[in-house]
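Analysis of the macromolecular model
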Amino acid sequence: MEVYLIKPGELTLKGGNKADFEFVLKRNLREMLRGSHASIETTHGRYYVRTPPEGEQQVEGVLDRLMGISGWAKTRIAEKNPEAVCAACVDEAKALFDGGARSFKVNARRTDKSFPLDSYQLACAAGEAVTEAIPELTVDVHHPQNTIFVEIREKAYIYGFGRKGCGGLPVGTASRGLLLLSGGIDSPVAGYMMASRGMKIDAVYIHAYPYTSEEARQKVLRLAEIVGRYSMGIRLYTLGYTAIQMRIKEQAPEAWATVLLRMAMMEGAEKIARRRQSKCLITGESLSQVASQTVENIICTQSRLKLPVLRPLIGMHKEAIIRKACAIGTYETSILPYQDCCVLFSPPHPVLRGDPAEANRLYEALELGAMIDTAVRESVMEKCGFP
Ligand code: ATP
Ligand code: MG
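Residues numbered from 1 in each chain as written. Chains lettered and ligands numbered in written order. Predicted model: local features only at pLDDT ≥ 70, side-chain atom pairs only at ≥ 80, totals over all residues. Heavy atoms only, no water.

1. A few points about the overall build of the protein
The test is simple: Where helices and strands are cited, they refer to DSSP runs of H or I of at least four residues and of E of at least two residues respectively, numbered from the N terminus. Burial classes follow relative accessibility: with a 1.4 Å probe on protein chains only, a residue under 20% of its type's maximum area counts as buried, one over 50% as exposed, and anything between as partly exposed. Every residue pair with non-hydrogen atoms within 4.5 Å of one another is taken to be in contact. We get accessible surface area from the Shrake-Rupley algorithm with a probe of 1.4 Å; when it comes to residues, only the shown protein chains can shield them.
Per the secondary structure count, the protein includes 13 helices and 15 strands. Split into buried and exposed, the 387 residues of the protein put 50% on the buried side. Considering only contacts in the protein between residues 6 or more positions apart, those separated by 24 or more positions represent 82%. With the model as given, the accessible surface of the protein reaches about 18000 Å², and the carbon-plus-sulfur share is 52%.

Okay, here's the thing in structure tokens:
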């Protein structure tokens, strides 16, 4: 059996709510591991996952996507006596050495006070055992390339190589939000970020077939799939807005088309949100990134809404958003060529600082209400990325 040790993240800080957070974390982990032969064990605020060796890859993939943990490590388990612990440290050190490490230190902790060596003595003994077995590896207590952790608890755990987790909070501890998901780079990152704060998310995609292609929709579906693997699944609602876009194009001043379409998207999204008892909308907007994302135009697009709009990327630079998209695995899909909005509907000279009163007057004149209701009623829901 392989054993993984999981270090919970911020939830160690959550005082009175800690038990609830732990409950959700464990439930999420169990759900993500469903269908595997792995088992979960919790003792003293620690989580361990055991798996037969063939399940290793799957478990590591799950731990890399589990929100609410600061890190994880594959651990060795030794008998609780100094010789066995030192021998396990030597094995771990060999693995680190093979991985390129040339300096190390041992960090030992003893919660079981019946163990014959105290933490300091154990660290020294393990350090000596390692340097004796692998003379090329030197002890460096200040700037080691690797640290071997030893924990003497109900068993002796020894681990070196560890990986950072997603951090944040377990999905399902912070209510529900509805993400406006396009095929771009930003909105999948925005969804990921809210999920990493514990929010359960659904998504809505506004489609204008045939002006936006079936490939564009497939791309959004694929993005929902990727984000959904972190967020315990996503329900993606696709809304057909072709008729709405046509009416805006035919009847509204060209320069206003984008702002008016955004207002219509928000209205449709809010209706879906109500159905799902979502408490907020989420977008991938970032200040001044494009014409529709000036403060004035953002004020226009949210001016008719009751629900708040959360914009986790609002102060982020494009490079940072791209880095995050690469890290979570959405970037490659986002840059596929299929556009989520058609140039036909994008004015060459859009309004940059729309006046909300003017925006509302133009919007109301379009009388889109019934068309939006139809789009919502005929929306198609798909479940993506469920564990
Ligand atoms: P993204 O990379 O997320 O597409 P963007 O920089 O292209 O963002 P816009 O196209 O102005 O910016 O979109 C702003 C936000 O509006 C998006 O982040 C997304 O939340 C939402 N949005 C845009 N187009 C759609 C769409 N077709 N369906 C659903 N939401 C959309
Ligand atoms: Mg876009």
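2. Some words on a nonpolar patch on the surface
Operational definition: In this analysis, a patch consists of residues with relative accessible area above 30% that form no salt bridge, clustered at 9 Å for like charges and at 5 Å for the nonpolar side chains Val, Leu, Ile, Met, Phe, Trp and Tyr. Salt bridge, as used here: a side-chain nitrogen of Lys or Arg that lies within 4 Å of a carboxyl oxygen of Asp or Glu.
On the surface, Leu287, Val295, Ile299 and Ile314 cluster together into a nonpolar patch covering about 310 Å² of accessible area. Looking at the element boundaries, Ile299 is found in helix H9 (residues 295–302).

3. Comments concerning the pairing of strand E3 (residues 46–51)
Let me state the cut-off plainly: Any two strands between which DSSP finds at least two bridges are classified as paired.
Among the six residues in E3, six count as buried, and that is most of the element. Of the two faces of E3, the one carrying Arg46, Tyr48 and Arg50 and the one carrying Tyr47, Val49 and Thr51 are both buried. Examined bridge by bridge, strand E2 (residues 39–43) and E3 share five bridges and lie antiparallel to one another. Each bridged residue has a counterpart across the sheet, and for Glu41 the counterpart in E3 is Tyr48.

4. Topic: the nonpolar core
Applicable threshold: Definition of nonpolar core: a set of buried residues of the types Ala, Val, Leu, Ile, Met, Phe, Trp, Tyr and Cys, connected through side-chain atoms within 4.5 Å.
Residues Leu29, Val49, Leu236 and Ile282 are the most contacted members of the largest nonpolar core, which totals 46 residues. Non-local contacts of Ile282, meaning those with residues more than four positions away in its chain, are made with Gly177, Leu178, Leu179, Leu180, Ala190, Met194, Met199, Ile201, Leu310 and Pro312. Leu180, Tyr237, Leu261 and Tyr363 belong to the second-largest nonpolar core, a separate cluster that totals 36 residues.

5. Things to note about the sheet that holds strand E10 (residues 176–180)
Worth spelling out the cut-off: Inter-axis angles, ranging from 0 to 180 degrees, are taken between N-to-C directions of lines fitted to C-alpha atoms, where helices are fitted over the stretch in contact.
The mixed open sheet is built from six strands, whose spatial order is E14-E13-E10-E11-E12-E15. Each edge of the sheet is formed by a strand with only one pairing partner; in this case those strands are strand E14 (309–310) and strand E15 (380–384). Taken together, the five bridges between strand E12 (residues 234–240) and E15 define a ladder with antiparallel strand orientation. Its bridge partner being in E15, Leu236 is matched across the sheet by Glu382. Helix H6 (residues 214–228) contacts strand E11 (200–207), E12 and E15 of the sheet and is inclined by roughly 160° relative to E12.

6. Observations concerning the site of ligand 1
Test applied: Any residue with at least one heavy atom within 4 Å of a molecule or strand is counted as near it. What qualifies as a polar contact is a pair of N or O atoms within 3.5 Å, subject to a donor-acceptor requirement within protein and to the restriction that residues adjacent in sequence count only when both atoms come from side chains.
Surveying the vicinity of ligand 1 reveals 20 residues, the closest of which are Leu180, Ser182, Ser187, Arg262 and Gln289. Contact between ligand 1 and Leu180: an oxygen atom at 2.6 Å from a main-chain N or O atom of the residue. Take Gly284: an N or O atom from its main chain is 3.0 Å from an oxygen atom of ligand 1. When isolated, ligand 1 has an accessible area of 570 Å², and the protein chains bury 91% of it. Those elements that provide at least two residues to the shell around ligand 1 are helix H5 (186–196), E11 and helix H8 (257–275). With three residues, E11 is the single largest residue contributor to the shell around ligand 1.

7. Notes on the pattern of salt bridges
Applying the stated criterion to the full structure yields 20 salt bridges. In this structure, Arg50 and Glu41 form a salt bridge, with 3.1 Å as the shortest nitrogen-oxygen distance. Residue Arg50 is classed as buried on the basis of its relative accessible area, which comes to 18%. A salt bridge links Arg217 to Glu214, with the nearest nitrogen and oxygen atoms 3.3 Å apart. With a gap of three residues between them, Arg217 and Glu214 both fall in helix H6, about one helical turn apart. Residue classification places Arg217 among the buried residues on the basis of a relative accessible area of 15%.

8. Regarding the side chain of Gln293
As for its placement among the helices and strands, Gln293 is situated in the loop between strand E13 (280–282) and H9. A polar atom in the side chain of Gln293 sits 2.9 Å from the backbone nitrogen of Ser286. Among all residues touching Gln293, those that are not within four sequence positions of it are Glu285, Ser286, Leu287, Ser288 and Ile298.

9. Topic: unusual backbone geometry
With omega at 0°, the peptide bond leading from Tyr209 into Pro210 counts as cis. Note on placement: Pro210 falls in the loop between E11 and H6. Positive phi outside glycine occurs at Ser175, with the angle close to 65°. In this structure, Ser175 sits in the loop between strand E9 (162–164) and E10.

10. Focus: helix H4 (residues 119–133)
The cut-off we apply is this: A helix is expected to span 1.5 Å for every residue after the first. In this description, the arc belongs to the directions extending from the helix axis to the C-beta atoms.
With 15 residues, H4 ought to run about 21 Å at 1.5 Å a step, and its terminal C-alpha atoms sit 21 Å apart, in line with that. Of the residues making up H4, those classed as buried are Leu122, Ala123, Ala126, Gly127 and Val130. For H4, the buried positions fall inside an angular range of 130° around the axis, keeping them on one side. Turned more than 90 degrees off the buried face of H4, the exposed positions are Tyr120, Glu128 and Glu132. Residues of H4 that are buried in the fold lie against helix H3 (82–98), strand E5 (103–110) and strand E7 (146–152). You can read the cap of H4 off the contacts: a side-chain oxygen lies 3.1 Å from the backbone nitrogen of Tyr120, and it is on Asp118.

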